[in-house]
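Summary of structural features
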Amino acid sequence: MSARAPTRVFRFGAGAFEALEEVCAEVGIARPMLVTSGRGAALAGAHAFAGVFDGVASHAPAATVEEATVLARAVEADGLVGLGGGSAIDTCKAVVTALAAEGADPLPRVVAVPTTYAGAEWTPFFGTLLEPGRKGGGSDERAAPVAAIYDPELTLDLSLEVTVGTSLNALAHCAEAYYHPARTPRAERHADTGATAIGHALPLVVATPDGIYGRTRLLEGAYRAALAVAESGICLGHAMAQVLGGRYGLAQGSMNAVCLPAAVRFNAEAVPDAVARFGAALGTDDPAARLVELARLGGFERLRDFGVPEAELDVVAAAIVERPGTRANPRPASADDVAGLLRSVW
């Protein structure tokens with residue numbers, strides 16, 4: 001296997017596509033393939049790519065991953081540029097993993113250009129929709145992005161729902177970086193910075209959606225949150241969001257916005273110091289209540305508002321307890337525990 005490029009090459013500032021050629025050269029990519037949505041392809045404009053896959057869909061369905069894999073192979077891409085939210089970047093990771101399973105060598109390297117605050121750009125793990133209603137995923141260090149480009153101008157037209165939802169997804173990364181078993185002191189410091197920036201900037205962005213200052217601060221916070229989760233992992237809040245999102249076709253950020261406060265309250269009993277540190281970063285002694293306030297900026301309150309049926313909560317809870325994030329949670333959570341948490345936000 002050929003040597004990997006150095007990790008964590010990044011650029012921050014306007015002009016993402018102007019920086020892309022330089023970044024690709026730095027990480028050894030000569031034939032990049034763009035992986036994005038139709039909107040992302042329009043944003044990219046006339047930039048030269050070996051190929052363009054513009055079929056990215058929410059939760060990275062297996063069929064779209066297969067289509068992107070076929071195209072990457074056909075155009076002999078040595079790099080994948082994931083332009084968009086978590087689904088675009090997860091699609092890139094899943095393609096690399098699929099090519100690795102075929103024995104491809106060298107594997108394409110991933111460059112992330114995040115246009116939301118979801119924070120998938122520094123981790124090796126990813127989620128995919130295996131079939132309607134069933135979310136899966138994987139992890140492969142070879143699929144972790146080797147570079148990321150952060151351009152706040154690409155976030156200026158994000159809807160309120162996506163802005164707040166993906167920001168709460170980033171805050172879930174911060175919260176769980178304080179109490180995941182694999183956490184490091186550096187992950188905790190990233191979480192400190194990320195949570196403080198997001199807590200400060202999100203109300204500013206909601207008040208002035210086209211303000212570049214707020215969007216820049218929010219993207220900086222999401223960047224730190226992504227680094228935090230890359231050096232720790234995900235726990236119960238994310239596990240709840242993953243199962244709900246996959247089962248009902250709902251955005252993971254939206255589900256984190258609803259579920260994270262309940263998960264933080266649940267964990268406060270087992271890891272009070274970690275939860276208190278999260279609260280300090282948010283400027284409060286009640287971080288769960290502050291999360292509820294921030295979620296409400298996007299209209300996120302109850303699962304019933306998204307059409308989640310109360311009658312299925314026990315079934316959902318049974319699936320959640322099987323997720324790796326639940327098994328990594330600092331406070332053991334039974335199916336009854338999780339069902340109770342789901343009912344508390346239903």
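Residue positions are given per chain, counting from 1 as you read along its sequence in written order. Per-residue local features are limited, in this predicted model, to residues with pLDDT of at least 70; the limit for side-chain atom pairs, both in listing and counting, is 80 or more; totals at the level of whole chains, interfaces and linings are taken over all residues. Heavy atoms from the whole structure form the basis of all side-chain values; hydrogens and water molecules are not counted.

**Notes on the overall build of the chain**
Helix and strand assignments come from DSSP, with helices taken as H or I runs of at least 4 residues and strands as E runs of at least 2, each series counted from the N terminus. Helix and strand content of the chain: 14 helices and eight strands. Its C-alpha radius of gyration of 19 Å places the chain within 12% of the 20 Å reference for a compact globule of 346 residues. Considering only C-alpha atoms, the chain reaches an extent of 50 × 40 × 35 Å along its principal axes. Buried means the residue's accessible area, taken with a 1.4 Å probe over protein chains only, is under 20% of the maximum for its type, while exposed means over 50%, and partly exposed covers the values in between. Going through the 346 residues of the chain one by one, you find that 56% of them count as buried. For this analysis, residues touch if any pair of their heavy atoms sits within 4.5 Å. Expressed as a percentage of contacts within the chain between residues at least 6 apart in sequence, the contacts between residues at least 24 apart total 77%. For the chain, the exposed surface amounts to about 13200 Å²; the carbon and sulfur share of it is 53%. Residues scored as charged are limited to Lys and Arg (positive) and Asp and Glu (negative), so that His and the chain ends carry no count. To locate a charge, the coordinates of NZ of Lys, CZ of Arg, CG of Asp or CD of Glu are taken. Considering the chain, the positive charge centre built from 28 side chains and the negative charge centre built from 39 side chains are found 3 Å apart. Radius of gyration here is computed from C-alpha atoms only, and the compact-globule reference equals 2.2 Å multiplied by the residue count raised to the power 0.38. All accessible-area figures derive from a Shrake-Rupley calculation using a 1.4 Å probe, and residue coverage is judged against the displayed protein chains alone.

**Some details on the environment of T166**
Looking at the secondary structure, you find T166 in helix α5 (residues 160-179). Leaving out residues up to four positions away in the same chain, T166 has contacts with T116, Y117, A118 and G253.

**Digging into the packing of aromatic side chains**
Describing an aromatic ring pair means giving the distance of the ring centres and the angle of the ring planes. By convention, a stacked pair of Phe, Tyr or Trp rings (six-membered ring in the case of Trp) has centres within 6.5 Å and planes under 30 degrees apart, an edge-to-face pair has planes over 60 apart, and any other such pair is tilted. The full count for this structure, using the stated rule, is five aromatic pairs. Relative to Y223, the ring of F10 lies with its centre 5.0 Å away and its plane at 35 degrees, an arrangement referred to as tilted. Placement of F10 in strand β1 (residues 9-12) and of Y223 in helix α7 (residues 212-230) is noted, with a sequence separation of 213 residues between them. A network of ring pairs unites the aromatic residues F10, F12, Y150 and Y223 as a single cluster.

**Thoughts on helix α8 (residues 236-248)**
Between its terminal C-alpha atoms α8 stretches 18 Å, which fits the 18 Å expected from 13 residues at 1.5 Å a residue. Summarising burial for α8: 11 of the 13 residues are buried, a large majority. For α8, the complete set of buried residues consists of L236, G237, H238, A239, M240, A241, Q242, V243, L244, G245 and G246. Phi turns positive one or two residues past the end of α8, at G249, with a value near 70 degrees. Multiplying one less than the number of residues by 1.5 Å gives the expected span of a helix.

**Things to note about the environment of A182**
Note that A182 resides in the loop between α5 and α6 (185-207). Taking the C-alpha atoms as reference, A182 lies 7.4 Å from E231; in sequence the two are 49 residues apart. Sequence-distant contacts of A182, that is, excluding residues within four places in its chain, are made with E231 and S232.

**Thoughts on a nonpolar patch on the surface**
Exposure above 30% relative accessible area and no salt bridge define the residues that can form patches, which grow by joining like charges within 9 Å and nonpolar side chains of Val, Leu, Ile, Met, Phe, Trp and Tyr within 5 Å. Here, a salt bridge means any Lys or Arg side-chain nitrogen found within 4 Å of an Asp or Glu carboxyl oxygen. A cluster of nonpolar side chains, L204, I212 and Y213, forms an exposed patch at the surface whose accessible area comes to about 270 Å². Within the element layout of this structure, L204 appears in helix α6. Residue L204 is classed as partly exposed on the basis of its relative accessible area of 35%.

**Observations regarding the side chain of Q242**
Tracing the sequence through the fold places Q242 in helix α8. Once you skip the residues sitting within four places of it in the chain, Q242 turns out to touch K135, I234, Q252 and R323.

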